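Survey of secondary and tertiary structure
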Amino acid sequence: MIRGGARRRGFSAPAVLVGLALTLAACATTPVAPPVPPATDPTVPAPTPDPAPAPEGQSPATLPGWNDEDHLAAFEAWAVGCTVARDAAARVQCARAMHIKQTSKPVTPTMARAFLESGFTVVAARTADGGPGLLTAYFAPEYTARRMPDAEFDMPVRPRPAGWARGDVGAVRADIEAAPATDTLAWMRAEDLFFMQIQGSGYLTFEDGSTARAAYAADNGRPFTGIARPMAEQGLLPANGTSGEAIRAWLAAHRGPEARAVMALNPRYIFFAVEPDDGGHPNGAAGIPLTARRSIAVDPAHWRYGDLVWISADGGNLVGARASYQGLVVALDTGSAIRGPVRADFYMGRGPAAGEEAGAVRHPLRMWRLVPRP
């Protein structure tokens, strides 16, 4: 899922926030975090001590926190995600997982743990300087929309421009928004559309109760620029208060020219297609639906779709941040702001609660690849 916003990770876009990567921000859905700021930036988490490393080439049971993992949930997530794996050894283990699912009704936590421990070895991912990487998060937003505009719902959801081709560079956000709207797909609050563009897709609920999914269709070819840092620099928000929800609240409270001037700092613009809402989760860049809290967006230069990954992240310092995130996840998405061997965007799920949590994720990160045994 490539977010249209900053990464992807747009959902099913050329890959989202985010984590809400406004703190930046996503996924290929197209979706979201800006480049990691310099160490002097007050929004960057301070380095934390390295967790006890798992010995290279040994069982996942050596991973810190392994005993506390929900091995069955991890097994189920990988049994879906492994279908996109290209590596021969991964295909062997994927077939083994499918056999277990077909012959064991039900698969038990003990069976799942035994499968993982016997089928994989551990290899640590490392940054160039040996320090921690960065974990952000993203989600599938749900927004109220209108069929016709009014004073509050005055921002059009625009379709892909005629003749658009990937790589085309068009007008910046401010110029697109100033142009007359034609063939409008829906009308949204300005701040909601801005966030949906960062995520790369979203779900819309109309006044008659009907729902639809807005999927990434195209972009203007401009780079994503996070608005969190300039908002903090201008004194609009405190340095440690630039979560997605804080940014959204400020934009809503200053709706109109003031908010639009801030949003225009991000020149990237996403166009959408409106599709039926199947009630599930969006596809990642790998082409299969994401699993909430078990899927990540990664840099395809360092990871492959279908990779099973152990993440360990703590020390987030944004207001509202949870203490830590640790467990097995599957690499199923990517995004333009997700770069490096120890960089991940964690898919939180769908809806407001997932979005609120995603917006506060900016944690130092350690990652381990679980290498399938042949």
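Residues numbered from 1 in each chain as written. Predicted model: local features only at pLDDT ≥ 70, side-chain atom pairs only at ≥ 80, totals over all residues. Heavy atoms only, no water.

1. Examining the nonpolar core
Stated formally: For our purposes a nonpolar core is just a set of buried Ala, Val, Leu, Ile, Met, Phe, Trp, Tyr and Cys residues, chained together by side-chain atoms within 4.5 Å. Burial status follows relative accessibility: with a 1.4 Å probe on protein chains alone, a residue under 20% of its type maximum counts as buried, one over 50% as exposed, and anything between as partly exposed. Secondary structure follows DSSP: runs of H or I at least 4 residues long count as helices, runs of E at least 2 residues long count as strands, and numbering of each begins at the N terminus. Throughout, a residue-residue contact means that at least one pair of heavy atoms, one from each residue, lies within 4.5 Å.
Within the largest apolar cluster, 57 residues are counted, with the highest numbers of intra-cluster contacts made by Leu204, Leu251, Ile296, Met348 and Met367. With 6 residues, the single largest contributor to this core is helix H5 (residues 190-199). Apart from the residues lying within four places of it in its own chain, the contact partners of Ile296 are Val309, Val329, Val330, Ala331, Leu332, Asp333, Ala344, Asp345, Phe346 and Met367. Within the second largest apolar cluster, 34 residues are counted, among which are Phe75, Phe115, Ile288 and Ile338.

2. Observations regarding the pairing of strand E13 (residues 363-372)
Every regular strand shows the same layout, with side chains that alternate between the two sheet faces. Keep this limit in mind: Pairs of strands are assigned from DSSP output, requiring at least two bridges between the strands.
E13 sits mainly inside the fold: 8 of its 10 residues count as buried. Of the strand pairs in this sheet, strand E1 (residues 120-124) and E13 are connected by 5 bridges, and their pairing is antiparallel. In the sheet register, Phe120 faces E13, and the bridge partner there is Pro372. Strand direction decides the pairing type here: strand E2 (residues 133-140) and E13, joined by 3 bridges, are antiparallel. If you follow Leu134 over to E13, its bridge partner there is Pro364.

3. Brief notes about the sheet that holds strand E7 (residues 211-219)
Using the following cut-off: Simply put, an axis is a line fit to the C-alpha atoms, just over the touching stretch for a helix, and the angle between two N-to-C directions goes from 0 to 180 degrees.
On the basis of which strands lie adjacent, the open sheet formed by 4 strands has the order E3-E6-E7-E8 and mixed pairing. Unpaired on one side and paired on the other, strand E3 (142-144) and strand E8 (270-276) mark the two borders of the sheet. For this sheet the average axis-to-axis angle between neighbouring strands, irrespective of direction, equals 35°. Relative to strand E6 (residues 201-205), E3 runs parallel, the two being bridged by 3 bridges. Bridge assignment links Glu142 to a residue of E6, and that residue is Tyr203.

4. Some details on the state of the cysteines
Formally: Only a pair of cysteine sulfur atoms within 2.5 Å counts as a disulfide in this structure description.
Taken as a whole and assessed by the stated rule, the structure comprises 1 disulfide. Two residues, Cys82 and Cys94, share a disulfide whose sulfurs are 2.1 Å apart. Linking Cys82 and Cys94, the disulfide has an S-S dihedral of approximately 60° and is accordingly described as right-handed. In this pair, Cys82 sits in the loop between helix H1 (71-81) and helix H2 (88-103) while Cys94 sits in helix H2, placing the two residues 12 residues apart along the sequence. Exposure remark for Cys82: the relative accessible area of 2% places this residue in the buried category. A relative accessible area of 9% places Cys94 in the buried class.

5. Describing the environment of His281
How we decide: What qualifies as a polar contact is a pair of N or O atoms within 3.5 Å, subject to a donor-acceptor requirement within protein and to the restriction that residues adjacent in sequence count only when both atoms come from side chains.
With respect to the helices, strands and loops of the structure, His281 is situated in the loop between E8 and strand E9 (295-297). When the C-alpha atoms of His281 and Thr291 are compared, they prove to be 7.2 Å apart, with 10 residues separating the residues in sequence. Within polar-contact distance, the side chain of His281 engages the side chain of Tyr347 at 2.7 Å.

6. Some remarks on the environment of Thr121
With respect to the helices and strands, Thr121 occurs in strand E1. In this structure the C-alpha to C-alpha distance between Thr121 and Pro60, which are 61 residues apart in sequence, comes to 6.1 Å. Setting aside chain neighbours within four positions, we find Thr121 in contact with Gly57, Gln58, Arg369, Leu370, Val371 and Arg373.

7. Structural notes on the confidence of the model for the protein
Low-pLDDT portions of the prediction should not be read for the details of their coordinates. Selection criterion: A score between 0 and 100, pLDDT records how confident the predictor is in each residue.
For the protein, the average pLDDT comes to 85, and 85% of its residues sit at 70 or higher. In this model residues 1-53 is a low-confidence stretch, pLDDT under 50, and it forms 355 contacts with partners more than four residues away in sequence or in other chains.

8. Some points on the environment of Arg343
Its place among the elements puts Arg343 in strand E12 (residues 343-350). Distance in space between the C-alpha atoms of Arg343 and His302 is 9.7 Å, their sequence separation being 41 residues. Of note is the side chain of Arg343, whose polar atom sits 3.4 Å from the backbone oxygen of Leu134. Polar contacts involving the side chain of Arg343 include one to the side chain of Thr136, which spans 3.0 Å.

9. A word on the packing of aromatic side chains
What characterises a pair of aromatic rings is the spacing of the ring centres plus the angle enclosed by the ring planes. Test applied: Pairing of aromatic side chains requires ring centres within 6.5 Å, counting the rings of Phe and Tyr and the six-membered ring of Trp. Pairs whose planes differ by under 30 degrees are stacked, by over 60 edge-to-face, and all others tilted. Charge-over-ring placement is defined geometrically: NZ (Lys) or CZ (Arg) within 6 Å of the ring centre, and within 35 degrees of the ring normal.
With the rule as written, the count across this model stands at 9 aromatic pairs. Note on Trp78 and Phe115: the rings are 6.1 Å apart at their centroids and 40° apart in plane angle, and the pair reads as tilted. Of this pair, Trp78 sits in helix H1 while Phe115 sits in helix H3 (residues 109-119), and the two are 37 residues apart along the sequence. Both residues of the pair, Trp78 and Phe115, belong to the buried class. Each residue in the set Phe75, Trp78, Phe115 and Phe120 is aromatic and connected to the rest through ring pairs, giving one cluster. Across the ring face of Phe195, the terminal group of Arg248 is positioned such that the distance to the ring centre comes to 4.3 Å. Its end group placed over the ring of Tyr203, Arg350 keeps NZ or CZ at 3.5 Å from the ring centre.

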